[in-house]
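# Observations on the model geometry
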Amino acid sequence: MNWFTRRIWASLLYICLAVQAQAADPATITVDAAISGPRVNPRMYGIFLEEINHGVDGGLYAELVRNRGFEDSRAPEGYLQVGKRWVDAGGFDSGFAEFGYTTDSIPFWTLIEDGGASGSVRLQTSGGVTDESSYCARLEATDLAKGRVALANQGYFGIGVNQGESYSLSLYARGGDFRGPLLVRLEDSSGEACSNEVSFSEIGDGWTQLRGTLTATKMDPKARLVVAMGAKGRCWLDFVSLFPKQTWHDRPNGLRPDIAEMIADLKPGFVRFPGGCVVEGATVETAYDWKLTVGPVEKRRERWGPWNYRRTQGMGLYEYLQFCEDLKADPLWVGFCGQTCIFREREHVPMAEMGPVRDNFLDLVEYANGPIDSHWGAMRAEAGHPSPFGLQQIEIGNENQGREFFERYQFVHEALKVKYPDLHYFADLSWTSPESMRGEAFDVEDRHYYNSPRWFTSRFHEYDRRDRAEPPLYLGELAVTSGEAGLLRGNLLAALAEGVFLMGCERNADTVRMVSYAPLLANIDGRTALTGAPPPWHAMIYFDGTRVFGTVSYYLWKLFGANRPDEMVEVRTEYPTATPPVIAGQIGVGTWDATTEFKDIRVEQGGKTVWDGNALDGEQGWDRDGGEWTADDGVYRQNRRGFGLSYFGDPRWSNYTLSLKARKSSGNEGFLIVFGRAGSEKYWWNLGGWGNQQHAIELNQTAVGQPVPGTIESDRWYDVKIELAGNRIRCYLDGVLVHDVTSTPPERFFVTAGRDEADGSLVLKAINASAESQAATLHIRGLERIAPTANVTVLTSAKPTDNNSLRRPQAVVPAETQIDGVGPEFAHEFPPNSLTILRLKPLPN
Ligand code: AHR
């Protein structure tokens, strides 16, 4: 019996025992170290680093001045102005207003006229220090008799400074009738100085770069940088920059040490960069073009991004590659494939114009790896890195879709493969089925999962049956993002659910080769709203101007990286299961990506109508979550294309039949019919989901039973009926039975094990995802002699909703202890809501 057959057999055995084991209390864990499983990629755990949530600009990239080049007044490229909004061709908002951008003033800078002084500031859209940074500011002091005229920069949500630390100041200035002095210092919010002041005289007629050092006299997370005119007159300012003197690894134009260090502590095996949706752009003009991100920073053309702000491009291709090298991580470049983000209004570069898109990939490889006498290799050498960076992994596109994607993927891939046959090519099939990509060559398949705790917890076996003839997987974006209150900043429950999924990946490490969390970083004040509306994106590492902390997910992923086995071994776990629950809860209607009408909504129990939607009285009694709802003439409508749900009824309703009529008016999908909604748990029947390709029952977005192929047509009334009997669900569409399934209780105790070849330890991971502690007897086979003392690391907390924060950065962190009495058979108790890692050491013979 091979490993794979044995594992299937072991799962079946587990299910049988689980069913019979109602009375048995403790679990039995049998580890057989002599039965080897798959080898695990030493670089399995990596990071995905995208410019989102001001994670890079306003975060990792150490620049402290916001809008340093005065380019933030530019309109977002490729968008159209409609009233005060900037929208793409399909009407999707650029989010220009979210962080306070305007085109007619100078965002993030303010004029100061203190003590009766008077002056003015004006944006100039030409004449800047370079053609690429052509905008600049004209500052004028007309009366300084009693005070000062200055320009103040608020930084990214405040400039964070630490007492005693020095900061490198650089700015470009030119005078008209003004020769100086220009006085520059840091101030707190009340206008008190919090650094020394540097004075620059002899401002010339042409642009001069002025440099100085500011040393902070106190800690302030929200200081501002003030540039004051010491005499009357007019001067022009551009590219005003302030960096901590100490950057990570002392790199010029470098990174914030505390954030970079948090990342380095994860010891990532690879870095996927620079996106994400950032790569795709929302318009062709805002798609990521790495050629704008290399060379002197003043000559890098800034670009609007899909996460509602303009990128400085300060952390450009060179800096990303240098970061990978400093981390000792393999770079994985993601490039724009010619299709913009499918969640905005997807645009395409016409096939006849794809040459430059393809060349950007080819030239990028030359920049990273080419000889120094090649065009792009020479630029890398000039930037300070004559030796190649050793880029081996290229992803063509991110979350793209459809025939247009395949054509573009193929066009780029063919050219790359001819010139660089040995590189590894990744294709993101998150929104595309592998079948439809058949024939398009790729070495690794990328998939992204954002979902609820239950979704992740129910995927321990996800890859057990994956066809090993398929290309290996890279799960490039993973995170719990929904489900229970409080998850948007992560918590213990979210981390453990991700942990269960990761354990499933380790068990299937022969097909799952790489994994990374997403997004990695967020400035706590700079989190971007999701497309359309709040809530904003979560992250693994949060920070403000002076502080940084990791969520519980950070610590869990770090533990997984540090305790990655080299080879898995067989484990069998048996524990008692709970009685299947009766499905009970409210009903509801809604949409994922559509506008839809609902009518004749009726709930019957035992043949009696308990609620009749024909009595719809306006919108009363409905509990809404997103969307734009109206009700008239007995028809209830969700009018805004996108996500929106509306619930009704008694959470105690059970054993009922819900019937209604639904008609989709517009959008990419069908509709959602909710049942069994109680607290944070809900079922829905998703009709025309996954791009209008299939119908499925889901519990908290986790499929219950098998999805079936199916589409929903627009402008047609459908009859929908859902019958609940205990935990059995039957769903009918136009009178035809589509699903007949029973909902079973989720697994709650998960164990894996593997060998760490560095020290010979047997590494056992266990997640107890329930609220009760789990006693267990462990049987360790296949190890000659085991040391009686073992190291144990536990990640847990009093409540599953506990998390870390700026104020309590270490509230939930792993605790390490030792246990005695370890042997071929020993008992151990696994705390409620916990990850436990046991490292069992063999004794020398
Ligand atoms: O991680 C945030 C975003 O989620 C990424 O940009 C995108 O790839 C995904 O949709």
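Residues numbered from 1 in each chain as written. Predicted model: local features only at pLDDT ≥ 70, side-chain atom pairs only at ≥ 80, totals over all residues. Heavy atoms only, no water.

Averaged over every residue, the pLDDT of the protein is 92; residues scoring 70 or more account for 95%. Note on residues 1-24: pLDDT under 50 across the span, and 35 contacts to partners over four residues away in sequence or across chains. (pLDDT = per-residue confidence, 0-100. Contact = heavy atoms within 4.5 Å.)

Here we have nine strands laid out as an open sheet, ordered β46-β45-β48-β43-β42-β28-β1-β44-β47, and mixed in their pairing. Single-partner strands in this sheet number two, and they are β46 (815-819) and β47 (825-830). The sheet shows a mean angle of 25° between the axes of neighbouring strands, direction not considered. Alignment of strand β42 (residues 749-755) against strand β43 (residues 762-768), held across seven bridges, turns out to be antiparallel. Counted as the bridge partner of threonine 752 is lysine 765 from β43. Against the sheet, helix α9 (residues 492-507) touches β1 (27-39), β28 (567-574), β42, β43, β45 (790-795) and β48 (834-840), its axis set at about 135° to β43. (Pairing = 2+ DSSP bridges. Helix = DSSP H or I, 4+ residues; strand = E, 2+ residues; numbered from the N terminus. Axes fitted to C-alpha atoms, helices over the stretch in contact; angles between N-to-C directions.)

For strand β19 (residues 330-335), the tally of buried residues reaches five of six residues, placing the bulk of the element in the interior. Of the strand pairs in this sheet, strand β16 (residues 270-273) and β19 are connected by four bridges, and their pairing is parallel. Considered in β19, the bridge of phenylalanine 270 is made with aspartate 330. As paired elements, β19 and strand β20 (residues 393-396) share four bridges and run parallel to each other. Along β20, the bridge assignment pairs leucine 332 with glutamine 393. (Buried < 20%, exposed > 50% of the residue type's maximum accessible area, 1.4 Å probe, protein only.)

Moving on to empty space enclosed by the protein. For the coordinates displayed, the defined rule picks out five cavities of 30 Å³ or more. If you go around the second largest cavity, you meet 16 residues; those closest to its centre are Gly58, Leu64, Tyr156, Arg256 and Gly545. Per-class residue counts for the lining of the second largest cavity are six nonpolar, six polar and four charged. (1 Å grid on protein atoms, 1.4 Å probe; cavity = no way out; pocket = protein on both sides within 12 Å on 5 of 7 lines; lining within 4 Å. Points joined across faces, edges and corners; volume = space filled by probe spheres on them. Nonpolar A, V, L, I, M, F, W, Y, C, P; charged D, E, K, R; others polar.)

Once that is clear, we can look at the packing of helix α4 (residues 317-327) against helix α5 (residues 355-369). Each pair of packed helices can be summarised by the angle the axes make with each other and by the distance between the axes. Two elements in contact, α4 and α5, have axes separated by 11 Å at closest approach and are oriented at 50°. Compared by their axis directions, α4 and α5 come out oblique. The handedness of the crossing between α4 and α5 comes out as right-handed. Contact residues: α4 offers Leu317, Tyr318 and Leu321, while α5 offers Leu364, Tyr367 and Ala368. Residue composition of the contact of α4 with α5, by class: six nonpolar, no polar and no charged. (Parallel < 35°, antiparallel > 145°, perpendicular 65-115°, else oblique. Left-handed = near helix turned anticlockwise from the far one by under 90°.)

Before going further, it helps to spend a moment on the sheet that holds strand β21 (residues 424-428). The sheet built from eight strands is open, its strands ordered β2-β16-β19-β20-β21-β22-β23-β24 with parallel pairing. With partners counted over all chains shown, the strands left at the sheet margins are β2 (47-48) and β24 (512-517), one partner each. Note that β21 and strand β22 (residues 444-451) share three bridges and pair parallel. For aspartate 428, the partnering residue across the bridge sits in β22 and is aspartate 446. Relative to the sheet, α9 contacts β22, β23 (473-480) and β24, its axis offset from that of β23 by approximately 165°.

A separate point is helix α7 (residues 402-419). Taking 1.5 Å per residue as the helical rise, α7 with its 18 residues ought to reach 26 Å, and the 26 Å between its terminal C-alpha atoms agrees with that figure. Regarding α7, the residues found buried are Phe405, Phe406, Arg408, Tyr409, Val412, His413 and Leu416. Where the residues of α7 are buried, they touch α5, β20 and β21. (Expected span 1.5 Å × (residues − 1).)

Neighbouring residues of the ligand: 13 residues in total, closest Glu50, Cys277, Glu399, Tyr450 and Glu477. Take asparagine 398: an N or O atom from its side chain is 3.0 Å from an oxygen atom of the ligand. In the environment of the ligand, an oxygen atom lies 2.7 Å from a nitrogen or oxygen atom belonging to the side chain of glutamate 477. Protein contacts shield 96% of the accessible area of the ligand, which totals 280 Å² for the unbound molecule. Classifying every residue of the shell around the ligand gives eight nonpolar, two polar and three charged. (Near = heavy atom within 4 Å. Polar contact = N/O pair within 3.5 Å; in protein donor to acceptor, adjacent residues only side chain to side chain. Areas by Shrake-Rupley, 256 points an atom, 1.4 Å probe, with all protein chains shown as cover.)

Turning to the pattern of salt bridges, a few remarks are in order. Within the structure shown, the criterion is met by 58 salt bridges. With its nearest N and O atoms 3.2 Å apart, the salt bridge here joins lysine 222 to aspartate 525. With lysine 222 in strand β14 (residues 220-229) and aspartate 525 in the loop between β25 (521-523) and β26 (541-543), this pair connects stretches of sequence that are 303 residues apart. The exposure class of lysine 222 is partly exposed, given its relative accessible area of 42%. Through salt bridges with shared partners, one network takes in Asp114, Arg148, Arg185, Glu187, Glu197 and Arg224. (Salt bridge = Lys/Arg side-chain N within 4 Å of Asp/Glu carboxyl O.)

This next bit is on unusual backbone geometry. Peptide bonds are, in most cases, trans, and in most cases residues other than glycine have a negative phi. With omega at 10°, the peptide bond leading from glycine 275 into glycine 276 counts as cis. Relative to the helices and strands, glycine 276 resides in the loop between β16 and α3 (277-280). In the segment running from alanine 518 into proline 519, the intervening peptide bond is cis, with an omega of -20°. Not every positive phi belongs to a glycine, and phenylalanine 157 is a case in point at roughly 60°. Structurally, phenylalanine 157 is set in the loop between β8 (148-153) and β9 (159-161). Despite not being glycine, asparagine 692 shows a phi value in the positive range, around 65°. Within the secondary structure, asparagine 692 is located in helix α11 (residues 689-692). Looking at asparagine 692, the relative accessible area reads 14%, which means it is buried.

Moving on, we come to α4. The buried fraction of α4 is high, at 10 of 11 residues. Where α4 is buried, its residues meet β2, α2 (257-265), β16, β19, α5 and α6 (375-383). Of the residues one or two after α4, lysine 328 is the one with positive phi, at around 60°.

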